[in-house]
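Residues per chain are reported as follows:
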Amino acid sequence: MRKINLLFLKRSAKEIFVTDAFSLSKQRRINGSDEMSKTKKRRTVKRRRSAKPLTLTEAFFLLFIVIGIVAAIILLQNKGSYQIVAYDRSHRATLLHTADSLDEAQMLMQQEIERGTYNPAILQDDQMIDIRYGIIAFPNDVCTQTTAFTYLDQSKGYLNGCYGADALYVGYAEGWLFQISAAIGKISPDQAQLYDIHDPALAAINHYQVSAGRLLHYGSGNVKDSAKQFQIDLGAAPASLQDGIYYSYDGHYFYESFEAMADDVRAECHTNAVNSVPFYQYFQYLPQRSHTDHDETVLNTYLQEAYGITSLPTTCPADASASILYKSGSLFLDMQDRYTINALILFASAIHESDAGRSNIACAKHNLFGHSAYDDDPYASAAAYQSIAECLESHVQQYLIEGYANPADTRWHGSHLGDKANGMNVRYASDPYWGEKIASHLQRIDEAFGAKDHGKETILWVKAGTAFYTAPNEKVLYQTTTALPLIVVDQKTIGREIWYEVQSDAAIDPSSLVPDANSLYQEQEARVWVKAEQEE
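No experiment lies behind these values; they were computed from the predicted model shown.

Our next topic: the overall build of the protein chain. Scanning the protein chain from N- to C-terminus turns up twelve helices and 21 strands. In the protein chain, which comprises 536 residues, the proportion classed as buried is 47%. Accessible surface computed for the protein chain: about 27300 Å², of which carbon and sulfur atoms make up 51%.

What follows deals with the sheet that holds strand β12 (residues 207–211). In spatial order, the strands read β14-β13-β12-β15; together these four strands make up an open sheet with antiparallel pairing. Unpaired on one side and paired on the other, β14 (229–236) and β15 (244–246) mark the two borders of the sheet. Mean inter-strand twist for the sheet, computed between neighbouring axes without regard to direction, equals 25 degrees. Here β12 pairs with strand β13 (residues 214–220) via five bridges, running antiparallel. Across the sheet, S211 pairs through a bridge with R214, a residue of β13. Running over the sheet, helix α12 (residues 434–448) touches β12, β13 and β14 and is turned about 50 degrees from β14.

On to the nonpolar core. Grouped together as the largest cluster of nonpolar side chains are 46 residues, with contacts concentrated most on F332 and L368. Elements supplying a minimum of two residues to this core: α6 (296–307), α7 (329–339), α8 (343–354), α11 (388–404) and α12. Here F332 is in contact with L299, L325, A343, L346, F347, A350, L368, F369 and L392, once residues within four sequence places are set aside. Core analysis: the next-biggest nonpolar cluster, separate from the first, contains 33 residues, M128, I136, F254 and F279 among them.

A word on the side chain of D505. Inspection of the secondary structure puts D505 in the loop between β20 (497–503) and β21 (527–531). At a separation of 2.8 Å, a polar atom in the side chain of D505 contacts the side chain of S415.

When the terminal C-alpha atoms of α8 are compared, their 16 Å separation across twelve residues agrees well with the 16 Å that a helix rising 1.5 Å per residue should span. In terms of burial, α8 is a largely internal element, ten of the twelve residues being buried. Here α8 has its buried residues at A343, L344, I345, L346, F347, A348, S349, A350, I351 and S354. On its buried face, α8 is in contact with α6, α7, α9 (360–365), α11 and α12. Looking one or two residues beyond α8, the residue adopting positive phi is D355, at roughly 55 degrees.

What follows concerns the packing of aromatic side chains. A full pass over the atoms with the stated rule returns 21 aromatic pairs. When the ring of W412 is compared with that of Y478, the centres are 5.8 Å apart and the planes differ by 85 degrees; the resulting orientation is edge-to-face. A residue pair is termed long-range when its members are at least 10 positions apart, and W412 in the loop between α11 and α12 and Y478 in strand β18 (residues 476–479) qualify at 66 residues. Each member of the pair, W412 as well as Y478, is classed as buried. Taken together through their ring pairs, the aromatic side chains of F138, F149, Y151 and F178 make up a single cluster. A cation over a ring is seen here: R89 above Y118, with NZ or CZ 3.8 Å from the ring centre. The cationic tip of R289 hangs over the ring face of Y521; the distance from NZ or CZ to the ring centre is 3.7 Å.

What the four strands build is an open sheet, ordered β2-β1-β3-β4; its pairing is antiparallel. Here the strands that pair on one side only, and so sit at the sheet edges, are β2 (93–99) and β4 (127–131). Each adjacent strand pair in this sheet contributes to an overall mean axis angle of 30 degrees, direction not counted. In terms of strand pairing, strand β1 (residues 82–87) meets strand β3 (residues 119–124) through six bridges, oriented antiparallel. Residue pairing across strands places Y82 opposite Q124, the latter belonging to β3. Set on the sheet, helix α4 (residues 102–115) makes contact with β1, β2, β3 and β4; between it and β2 the angle comes to about 135 degrees.

In the contact formed by α6 and α7, the axes pass within 8 Å of each other and the chain directions differ by 140 degrees. Here α6 lies oblique to α7, going by the angle between them. In this structure, the crossing between α6 and α7 has a hand that is right-handed. Between α6 and α7, the contacting residues are E296, L299 and N300 on the first element and G329, S330, F332 and L333 on the second. Broken down by class, the residue content of the contact of α6 with α7 amounts to three nonpolar, three polar and one charged.

Following the sequence through the fold, A421 ends up in the loop between α11 and α12. In the structure, A421 is positioned 241 residues away from I180 in sequence and 8.9 Å away in space, judged by C-alpha atoms. Those residues within four positions of A421 in sequence are excluded, and the remaining contacts are S181, A182, A183, V426 and T482.

According to the stated counting rule, one finds two disulfides in the structure shown. Note that C143 is cross-linked by a disulfide to C162, the S-S spacing being 2.1 Å. Judged by the sign of its S-S torsion, about -95 degrees, the bond between C143 and C162 is left-handed. Taken together, the residues span a long stretch of sequence, with C143 in the loop between β5 (134–137) and β6 (147–151) and C162 in the loop between β7 (156–159) and β8 (166–172) at a distance of 19 residues. Looking at C143, the relative accessible area reads 39%, which means it is partly exposed. Owing to a relative accessible area of 13%, C162 belongs among the buried residues under this scheme. Residue C316 pairs covalently with C363 via a disulfide, S to S 1.9 Å. Handedness of the C316-C363 disulfide follows from its S-S torsion of about -80 degrees: it is left-handed. Highlighted residues: C316 in the loop between α6 and α7 and C363 in helix α9, separated in sequence by 47 residues.

Each value, and the rule that gives it
- Residues numbered from 1 in each chain as written.
- Predicted model: local features only at pLDDT ≥ 70, side-chain atom pairs only at ≥ 80, totals over all residues.
- Heavy atoms only, no water.
- Helix = DSSP H or I, 4+ residues; strand = E, 2+ residues; numbered from the N terminus.
- Buried < 20%, exposed > 50% of the residue type's maximum accessible area, 1.4 Å probe, protein only.
- Areas by Shrake-Rupley, 256 points an atom, 1.4 Å probe, with all protein chains shown as cover.
- Pairing = 2+ DSSP bridges.
- Axes fitted to C-alpha atoms, helices over the stretch in contact; angles between N-to-C directions.
- Contact = heavy atoms within 4.5 Å.
- Core = buried A, V, L, I, M, F, W, Y, C linked by side-chain atoms within 4.5 Å.
- Polar contact = N/O pair within 3.5 Å; in protein donor to acceptor, adjacent residues only side chain to side chain.
- Expected span 1.5 Å × (residues − 1).
- Phe/Tyr/Trp six-rings, centres within 6.5 Å; stacked < 30°, edge-to-face > 60°.
- Lys NZ or Arg CZ within 6 Å of the ring centre and 35° of its normal.
- Parallel < 35°, antiparallel > 145°, perpendicular 65-115°, else oblique.
- Left-handed = near helix turned anticlockwise from the far one by under 90°.
- Nonpolar A, V, L, I, M, F, W, Y, C, P; charged D, E, K, R; others polar.
- Disulfide = S-S within 2.5 Å.

See below:
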């Protein structure tokens, strides 16, 4: 079948018309005719021949060609769309390979790691997708924004980048895996930004320093702004840590190099850590079903000496020397006496959450613990109470006894302050270092008044899934969902088994011998047993 060339038809019609007109004019000049000067010039209009319509076969053939061209363009655009580069310690990148898919790129990156390449990474359209040694920076432009993430067990977590801007990058698995505040989580790449650890844009990242025997944690509220760095004094450093800089994103194992830490976290080991025994800040992991030996005078005196508090506020916002916590120490000790909830932990929590009783939420709403004060609008959303005594009662009853110290409640990950892996910090606060910061307050108060509490209790760590028994090899009451610290009361050896008697977070109903948040907590009755083989 003959193909029709539309362009040729158009050009042919034009050429025929011009040629015929030129021939006619030439012939008239030869004949010497003056007819055109005497009569009106006749014009002959040459009609263009219309194009013959395409047949169905021709139309499909043209469509096939167009589709092929479009597909070729797409293939060319995607050809080698992933670049595998190697960063050196000065953040200089060398191109190693290109790949057509992420799977291929990850295979090539792993091969480079096995060859000993220092810091290979995967880029796509100048965006970093994967890297061996890097950090994740969470959004922190506005502190009203939280970042949701998923734990490895598929439960949900959240944090705020203003209080912990960076996490250790662990790897890519249909999302970015990271470690922060001892927790491993996963987010979508569009939720954060991935950096080479040696990127000069990084001005302040998470690290620790031992100075004069004290362990200081330096966190960041913005990785690009050193002015947003904060310090948390964790007390005496482990004996194995000498003065110097260390890296850790779990707060338990410390490394002299970032790379050694990252390699161990990926390998799920602590081979390269400086300390072989994990560090747990005592107050951060002390269950709240405990006692302080400090009295109300200590609490009131500390508030005056540490913060210059001399009166109750008369207006809100309060003056710097006025606090809603002024001479309130007896209220906290009363909670301890009535409910067996540590008064010093309550007091330090109130200091941290209410700016020592001077925040507008504390002053105007008598809210000492940030109850319902959500990040998007803290003051408007914060719960209001008639008095701080009412707030304390609510915190102990509704938040602790019915929730964070209740194994039957989804908020329970242990009653201790903890971190993003276990304890109250998992769900109570978006600040990943909330538990650490309150523990630092506890440390300062205790040290200022004779260090009566530090180390008083024997703490036993047990693994996730540990069963709690009424007695050795008897009825199982409940199981842990995460690793937990427990207060040891007694120890017993039965045959080859070692059993520990520990204090339960929940009250135990004496008649049914089951955990019951509505029962009165009696220390002697609220004791349960765990096997030594389940130690963490």
